[in-house]
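# Examining the three-dimensional arrangement
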Amino acid sequence: MSDIKRKLADNIKHVKERICCACVDAGRDPSEVTLVAVTKYVDIEIVRRMLELGVTDFAESRVQALTARADAMSSLVPPPKWHLVGHLQRNKVKQVLPWVSMFQSVDSLRLAEELDSAAEQKNCVVDVLMQINISGERSKTGVAVGASTHMAECIASLSHLRLRGLMAMGPLTEDRSAIRAAFVRCRELFEEIANEVPVGDHFRDLSMGMSDDFELGIANGATIVRIGRALFEGVAEPTPEPESNTAATGA
Ligand SMILES: *Cc1c(COP(=O)(O)O)cnc(C)c1O
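Source: prediction; values computed, not measured. (Residues numbered from 1 in each chain as written. Predicted model: local features only at pLDDT ≥ 70, side-chain atom pairs only at ≥ 80, totals over all residues. Heavy atoms only, no water.)

## With respect to the overall build of the protein chain
Test applied: Every helix listed is a DSSP run of H or I at least four residues long, and every strand listed is a run of E at least two residues long, numbered separately from the N terminus. Here the globule rule reads 2.2 Å times residues to the power 0.38, and the radius of gyration is calculated from C-alpha atoms. Throughout, a contact is declared for two residues whenever any of their heavy atoms are within 4.5 Å. Note on areas: Shrake-Rupley, 1.4 Å probe, and residue coverage restricted to the protein chains presented here. Positive charge is attributed to Lys and Arg, negative charge to Asp and Glu, and no charge count is given to His or to the chain ends. Working definition for charges: the position is that of NZ of Lys, CZ of Arg, CG of Asp or CD of Glu.
When helices and strands are counted, the protein chain shows nine helices and nine strands. The globule rule puts the C-alpha radius of gyration for 251 residues at 18 Å, and the 18 Å found for the protein chain is close to it. Its C-alpha atoms put the protein chain at 50 × 45 × 35 Å along the principal axes. Considering only contacts in the protein chain between residues 6 or more positions apart, those separated by 24 or more positions represent 63%. Carbon together with sulfur atoms contributes 49% to the accessible area of the protein chain, which is approximately 12100 Å² in total. Within the protein chain, the 35 negative side-chain charges are centred at a point lying 3 Å from the centre of the 29 positive side-chain charges.

## Observations concerning the packing of helix H1 (residues 3-25) against helix H2 (residues 44-52)
The criterion, for reference: Only the contacting stretch of a helix is used when fitting its axis, a line to C-alpha atoms as for every element, and angles between N-to-C directions run 0 to 180 degrees. Oblique is the label for every angle not falling under 35 degrees (roughly parallel), over 145 degrees (roughly antiparallel), or within 65 to 115 degrees (roughly perpendicular). What makes a crossing left-handed is the near helix being turned counterclockwise from the far one by less than a right angle; a clockwise turn instead makes it right-handed. Any residue that is not Ala, Val, Leu, Ile, Met, Phe, Trp, Tyr, Cys, Pro, Asp, Glu, Lys or Arg is counted as polar, Gly included; the first ten are nonpolar and the last four charged.
Interaxial distance between H1 and H2 falls to 11 Å at its minimum, and their mutual angle equals 55 degrees. Taken as axis vectors, H1 and H2 run oblique relative to one another. Classified by chirality, the crossing of H2 by H1 is right-handed. Packed against H1, whose contacting residues are Ile4, Lys5, Leu8 and Ile12, the element H2 presents Ile46, Arg49 and Met50 at the interface. Each residue belonging to the contact of H1 with H2 can be placed in one class, and the counts come to five nonpolar, no polar and two charged.

## Describing the packing of aromatic side chains
The cut-off we apply is this: Each Phe, Tyr or Trp ring, with Trp reduced to its six-membered ring, pairs with another whose centre is within 6.5 Å; inter-plane angles below 30 degrees give stacked pairs, above 60 give edge-to-face pairs, and intermediate values give tilted ones. Exposure categories follow from relative accessible area, calculated using a 1.4 Å probe and restricted to protein chains: below 20% of the type maximum is buried, above 50% is exposed, and the middle band is partly exposed.
Across all of its chains, the model carries three aromatic pairs by this definition. On the numbers, 5.6 Å between centres and 40 degrees between planes, the contact of phenylalanine 58 with tryptophan 82 is tilted. Of this pair, phenylalanine 58 sits in strand E2 (residues 57-60) while tryptophan 82 sits in strand E3 (residues 81-84); the two residues are 24 residues apart in sequence, bridging distant segments of the chain. Of the two residues, phenylalanine 58 and tryptophan 82, neither departs from the other in class, the shared state being buried.

## Structural notes on the environment of serine 148
Tracing the backbone shows serine 148 in helix H6 (residues 148-156). On the basis of relative accessible area, serine 148 is assigned to the buried category, the value being 0%.

The quantities given are spatial measurements derived from coordinates; they are silent on function.
In structure tokens:
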């Protein structure tokens, strides 16, 4: 096994152990939390290797990368599940729909309606999370906290979407208490929606936590953690722009 492969296996093991510890600390069963590997930083060969190492769920933030990778890996058994975690333009919905098992970043009613009608045409039902702008930062995408209950009601009424829960990103800060407060707020919002809106039993998921804050996410009820950098330390250099990263993962 090459060094890179060994390092990748170690990283996965280590992240899974951290997920388990966070669950134990929170009195939760580790099987309640799904690890979604965010592969926007790395080459497709690394994604294939992760699938062999038992990772089942992957995410991309861009439609083009997700579509190309999902297509290239679609004949594998079992094929990976793909989550879209980045902003989705309505004119790309049809192209990406066949490849996505969960849309985590539904942030407007118009997008939800576009997804619903594309799903209707394909005669399928699509799993979605509503993304909340929990930190209230202007630059962040996501539904404003104040609009989220009404928006959840609208999305839940679309017959070809299954609203599975909420997704949020913690504020970009070193201040753990600020991150915790955002996750607590998101959890409260999740419960408010579950109690006040007819969202159905499948409204169960809370996607909260990335490499630097997933333990806080789990402590506050996350059922999905979206992890990139922590899985790729020593495997690939993370770069902020996924497109410019093609040379970093050669190996
Ligand atoms: C990139 C990304 C992640 C993963 O972030 P890391 O800090 O690398 O773990 C998670 N969620 C979203 C929406 C992302 O864009």
